[in-house]
Amino acid sequence: MYKEEASALENQFSPTFEKLLSREEIIASVIRNWTPERVIEQIPVTEALGRIPSAKVCSVWTLPVVRSSAGDGIAVDSSRFAQGIPDTSGWIQGRDFVHADTGDDFDDAFDAVIMVEDIAFSPEGRLTIRDGVQVYPGYNVRPAGSIVQKGEALVRANLPLRPRDLACLQMGGVGQISVWKKPVVAFIPSGSELIAPGTPVTRGKNVDTNSLLVRETIKQLGAEPLCLPIVPDDYEPILEALDSALIKADIIILGGGSSKGAEDFSATLLHQRGKVLCHGAQAVPGKPLCVAMIQGKPVINLPGPFMAAYHGLEWLVNALVSHFLMQPKQARQTVKATLTQPVEGSERVSMLLVVEVSRKRDG
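Everything numeric here is computed off the predicted structure, so don't read it as measured data. (Residues numbered from 1 in each chain as written. Predicted model: local features only at pLDDT ≥ 70, side-chain atom pairs only at ≥ 80, totals over all residues. Heavy atoms only, no water.)

(A) Quick peek at the overall build of the protein. Summing up its helical and strand segments, the protein has 7 helices and 21 strands in all. Over its C-alpha atoms the protein spans a radius of gyration of 32 Å, topping by over 25% the 21 Å that the globule rule assigns to 363 residues. Counting only C-alpha atoms, the protein reaches 105 × 55 × 40 Å along its principal axes. Long-range pairs, those at least 24 residues apart, make up 74% of the contacts in the protein between residues at least 6 apart in sequence. Accessible surface, the protein as shown: approximately 20,100 Å² in total, 52% of it carbon and sulfur. (Helix = DSSP H or I, 4+ residues; strand = E, 2+ residues; numbered from the N terminus. Rg over C-alpha atoms; globule rule 2.2 N^0.38 Å. Contact = heavy atoms within 4.5 Å. Areas by Shrake-Rupley, 256 points an atom, 1.4 Å probe, with all protein chains shown as cover.)

Following this line, the structure appears as structure tokens:
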């Protein structure tokens, strides 16, 4: 397609900004029109931190297998304490008692454990037991299965795995776990003025920083980033990159070309190739944002300016990745602060502001 034809189409599909949807309305619209293709994969438990289990996982064995000591001490035969504390001056280790550490099994000849703080050994090795200790069968002994039982649920489905969850899975004998495969989020940076980081900047050129911003944000959200090379402001290269991304990714982001400029072809493609859900949002910066469903996948055209792209990632891409993973949208830390000057804005749009926050001596 010639540039003149593409420009004419862009004018036809330019946002008017007369009727804008709110951020919440746009998110709801995408979710209504999207049936994510979720895939289950098996991964080692040791690599599963933060991943989302696709099903409940249960222990494959029972621990302890028989029983174990509840603390550090000595294991004894409780029947010898039926009349109180016996004379232990002649007791011999291995015959009358054995050492038992926390969690340890011990010989079946013994059925109780006296804690280390209740015993003492003389320089000659004679055992004494503190007066008042009441020893009975099962004293300070954990029964079989008191830690975990075969078939007991270790983790639930659709809850992110924490370090303690991974340890519980290993404790229950689980080495592999079924998790939802991370969604692949493709990013296509477009702009004839863009150059790769590290390239000398000349007049009329800008460094592509959005690729790094998108890549690391996508990782943080729990998805797999797929950052494609910079494409120029030309209809055919952008179309080719979009078609390639639609094959490989679950969510596609086009960077730049969403507004009314003479070379803003990206939004035109969305209007031509799919069902446009919005072209313009009640969100500043980033009002020209455009979203469409193409081949059953959400394609988001983020405006090119850095803060506009950041804003769109925060409120929209965050919500869509979280929906794919069946999780609540990731929340950011908030603080209550007093403004040093009024903020001018409009009730019709939500605004992202850059502020400097400081804490005074009074807190």
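(B) Up close: the packing of aromatic side chains. If you walk through the whole model with that rule in mind, you get 4 aromatic pairs. Ring geometry for Trp-34 against Phe-324: centres 6.1 Å apart, planes inclined by 40°, an arrangement best described as tilted. With Trp-34 in the loop between helix H2 (23-33) and strand E1 (40-44) and Phe-324 in helix H7 (residues 306-324), the pair connects residues that are 290 residues apart, well separated along the chain. What makes Trp-34 buried here is its relative accessible area of 5%. According to the relative accessible area criterion, Phe-324 is buried, its value standing at 4%. (Phe/Tyr/Trp six-rings, centres within 6.5 Å; stacked < 30°, edge-to-face > 60°. Buried < 20%, exposed > 50% of the residue type's maximum accessible area, 1.4 Å probe, protein only.)

(C) Spatial organisation of the pattern of salt bridges. Applying the stated criterion across every chain yields a total of 12 salt bridges. Across the salt bridge formed by Arg-162 and Asp-165, the nearest N and O atoms sit 3.0 Å from each other. You can call Asp-165 buried: its relative accessible area is 8%. Arg-215 is paired through a salt bridge with Glu-216; the nearest N and O atoms lie 2.8 Å apart. For Arg-215, a relative accessible area of 35% puts it in the partly exposed group. Glu-216 sits in the partly exposed class, given a relative accessible area of 35%. Residues participating in the shared-partner salt-bridge network are Arg-67, Asp-105 and Asp-108. (Salt bridge = Lys/Arg side-chain N within 4 Å of Asp/Glu carboxyl O.)

(D) Up close: the sheet that holds strand E6 (residues 112-115). The strand order across the open sheet built from 3 strands is E5-E4-E6, with neighbouring strands paired in antiparallel fashion. The sheet is open, and its two edges are formed by strand E5 (98-100) and E6, each paired on a single side. Here the strands of the sheet are splayed against their neighbours by 40° on average, with no regard to which way each runs. (Pairing = 2+ DSSP bridges. Axes fitted to C-alpha atoms, helices over the stretch in contact; angles between N-to-C directions.)

(E) Up close: the packing of H2 against H7. As a packed pair, H2 and H7 sit with axes 11 Å apart at the nearest point and diverge in direction by 30°. Between H2 and H7 lies a crossing whose hand is right-handed. In contact with Arg-23, Ile-26, Ile-27, Val-30 and Ile-31 of H2, H7 contributes His-311, Trp-315, Leu-316, Ala-319, Leu-320 and His-323. Partitioned by chemical class, the residues of the contact of H2 with H7 number 8 nonpolar, 2 polar and 1 charged. (Left-handed = near helix turned anticlockwise from the far one by under 90°. Nonpolar A, V, L, I, M, F, W, Y, C, P; charged D, E, K, R; others polar.)

(F) A look at unusual backbone geometry. Across the junction of Leu-63 and Pro-64, the peptide omega takes the value -15°, indicating a cis bond. Assignment of secondary structure puts Pro-64 in the loop between strand E2 (57-58) and strand E3 (68-69).

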